[in-house]
Amino acid sequence: SESDLTRQEKEFIQTSILHMLTALEREKVSDEEEKTKIEIEKERLKSALLRSISHDLRTPLTTLQSGTSFIHDSYDLIDEKTKKNMLLDINNETTRLSEFVDNLLNMTRLNANQLKLKLKFELVDDILTEVFLRLYKRLGNHNLDIEKKDEIMYVYSDSALLMQVFINLVDNAIKHSPDNSNIKINYNQLGNYIIFLISDEGSGIQKEYIDSIFTDFVSIQVSKSDRIKGIGLGLSISKAIINAHGGEITAYNNKDKGATFKFTIPCVINYVKKGDIKS
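The present account deals with the structure reproduced in this document. All chains use their own residue numbering, which begins from 1 and follows the written sequence. Residue-level local features of this predicted model are given only where pLDDT is at least 70; pairs of side-chain atoms are given and counted only at 80 or more, and the full residue set underlies all totals for whole chains, interfaces and linings. Just so you know, side-chain values use all the structure's heavy atoms and leave hydrogens and water out.

Overview of the overall build of the chain
How we decide: Strands here mean DSSP runs of E at least two residues long; helices mean DSSP runs of H or I at least four residues long; both are numbered from the N terminus. Throughout, exposure labels follow a simple rule: accessible area from a 1.4 Å probe, protein chains only, divided by the maximum for the residue type, with under 20% read as buried, over 50% as exposed, and the rest as partly exposed. Contacts were defined at the residue level, with two residues in contact if any of their heavy atoms lie within 4.5 Å. Note on areas: Shrake-Rupley, 1.4 Å probe, and residue coverage restricted to the protein chains presented here.
Regarding its fold elements, the chain presents five helices and nine strands. Going from the N terminus to the C terminus, the chain shows its helices and strands as α-α-β-α-β-β-α-β-β-β-β-α-β-β. By the burial criterion, 38% of the 279 residues in the chain qualify as buried. Within the chain, counting contacts between residues at least 6 apart in sequence, those at least 24 apart form 72% of the total. Surface exposure of the chain reaches about 17,500 Å², of which carbon and sulfur atoms provide 52%.

As structure tokens, then:
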């Protein structure tokens, strides 16, 4: 306002404006590329979810359809032992299907922050006994060893959701360990928490998956020829349920073989807020 700009000052301003415009243009392009990547990732996850849900639904439904159809068409031609074995398979697949639907529903409630805990003191032995009764039919050649304690221990928890965590983790151990191997559940009290350990004798967890194993849609490749299919909701939902109780869950490889999942559940009221979701 006091004097005209010199030629050098005008060139400096024009150069500065040009640099700013170039930087803004680059920022705009970068934002657009990032948005495009996000949209592509969303579509990829949607496709993966649909494919995996289709797989997880098709497998039990195929067993149910073929099993019931065969029994109906050949009822008088097959012996009682075969009928019982087929009905056991049908029951197992029905249970798996029900638990799969429960996982999907709980995932939806978690995303909407609508999962409410029904907390009360539960006897640890009672929960683990119920877990065994719900799992023994699907163990096959696996042995499930549940530790027995002389002392009485309680957890302050939602027993239905806590049992779902055990079922998800033991089912995961069954998938990732060979026949005739052992799966162990151990527990102990440390301060205001009960520590639970679920160990298997499988091939363990690859290092690159340790940090992301509790993430939705993670597909864990045990070997080049052994990929565990499915949407992998069990572990991520288990983590959300444990966090909602005020506990923590981790996974690590054993020194000799297999992997262990470790989680904590409070055994006193003060450490949990009802309905509090920590995802």
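Digging into helix α4 (residues 159-176)
As a reminder, the rule being used: A helix is expected to reach a length of 1.5 Å times the quantity of its residues less one. Contacts described as polar in this section are N or O atom pairs within 3.5 Å, which, within protein, must combine one atom able to donate a hydrogen with one able to accept it, while residues neighboring in sequence count only if both atoms come from side chains.
If you check α4, its first and last C-alpha atoms are 26 Å apart, about what 18 residues at 1.5 Å a residue would give, namely 26 Å. With 15 of 18 residues buried, α4 is to be regarded as a mostly interior element. By the N-cap criterion, in which a side-chain oxygen at the helix start approaches the backbone nitrogen of a residue two or three places on, α4 is capped by Asp-158, the distance to Ala-160 being 3.2 Å.

Some words on a negative patch on the surface
Under the convention used in this document: Like-charged residues within 9 Å of one another, or nonpolar side chains (Val, Leu, Ile, Met, Phe, Trp, Tyr) within 5 Å, are grouped into patches, provided each residue has over 30% relative accessible area and no salt bridge. Take a side-chain nitrogen of Lys or Arg and a carboxyl oxygen of Asp or Glu: if they are within 4 Å of each other, that pair is a salt bridge. Charge assignment: positive for Lys and Arg, negative for Asp and Glu; neither His nor the chain ends contribute. Lys charges are placed at NZ, Arg charges at CZ, Asp charges at CG and Glu charges at CD.
A grouping of Glu-25, Glu-27, Asp-31, Glu-32, Glu-33 and Glu-34 is seen on the molecular surface, where their side chains present a negatively charged patch. When you line up the elements, Glu-32 lands in helix α1 (residues 7-73). A residue is classified by how much of its surface remains accessible, and Glu-32, at 41% relative accessible area, is partly exposed.

Comments concerning the nonpolar core
Formally: We define the nonpolar core as a collection of buried residues of types Ala, Val, Leu, Ile, Met, Phe, Trp, Tyr and Cys that are connected through side-chain atoms lying within 4.5 Å of one another.
Judged by nonpolar contacts, the single largest core of 45 residues is most densely connected at Phe-166, Phe-196 and Phe-263. Among all residues touching Phe-196, those that are not within four sequence positions of it are Val-124, Val-155, Phe-166, Asn-186, Tyr-187, Phe-261, Lys-262, Phe-263 and Ile-265. Within the second largest apolar cluster, six residues are counted, among which are Ile-71, Ile-78, Met-86 and Leu-97.

Some points on unusual backbone geometry
Even without being a glycine, Asn-180 presents a positive backbone phi close to 65 degrees. One can find Asn-180 in the loop between α4 and β4 (182-190).

Overview of helix α3 (residues 124-135)
Just so we agree on the cut-off: As used here, the arc is the angular range of directions from the helix axis to the C-beta atoms.
The terminal C-alpha atoms of α3 lie 17 Å apart, and with 12 residues this matches the ideal 16 Å at 1.5 Å per residue to within 8%. Where α3 is concerned, the buried positions are Val-124, Ile-127, Leu-128, Val-131 and Leu-135. Buried residues along α3 cover an arc of 95 degrees about the axis, so they all sit on one side. For α3, the secondary structure elements touched by its buried residues are β1 (120-123), β2 (143-146), β3 (154-157), α4, β4 and β5 (193-199).

A short note on a nonpolar patch on the surface
A cluster of nonpolar residues, Leu-5, Phe-12, Ile-13, Ile-17, Met-20, Leu-21 and Leu-24, forms a patch on the protein surface that exposes about 730 Å² of accessible area. With respect to the element layout, Ile-13 can be found in helix α1.

Considerations on the packing of aromatic side chains
Each aromatic ring pair is characterised by the separation of its centres together with the angle its planes make. Selection criterion: Within 6.5 Å between ring centres, the rings of Phe, Tyr and Trp (the latter by its six-membered ring) count as paired, and their orientation is classed by plane angle as stacked under 30 degrees, edge-to-face over 60, tilted in between. Should the NZ of a Lys or the CZ of an Arg lie within 6 Å of a ring centre and within 35 degrees of the ring normal, that charge is described as sitting over the ring.
Inspection of every chain in the model, using the stated rule, returns seven aromatic pairs. With centroids separated by 5.2 Å and ring planes inclined at 85 degrees, the aromatic side chains of Phe-166 and Phe-196 adopt a geometry described as edge-to-face. Here Phe-166, found in helix α4, pairs with Phe-196, found in strand β5; they are 30 residues apart in sequence, far enough to count as distant. With a relative accessible area of 1%, Phe-196 lands in the buried category. Pairwise contacts between aromatic rings join Phe-166, Tyr-187, Phe-196 and Phe-263 into one cluster. In this arrangement the basic side chain of Lys-83 is found over the ring face of Tyr-75, its NZ or CZ atom lying 3.4 Å from the centre. In this arrangement the basic side chain of Lys-149 is found over the ring face of Tyr-187, its NZ or CZ atom lying 5.7 Å from the centre.

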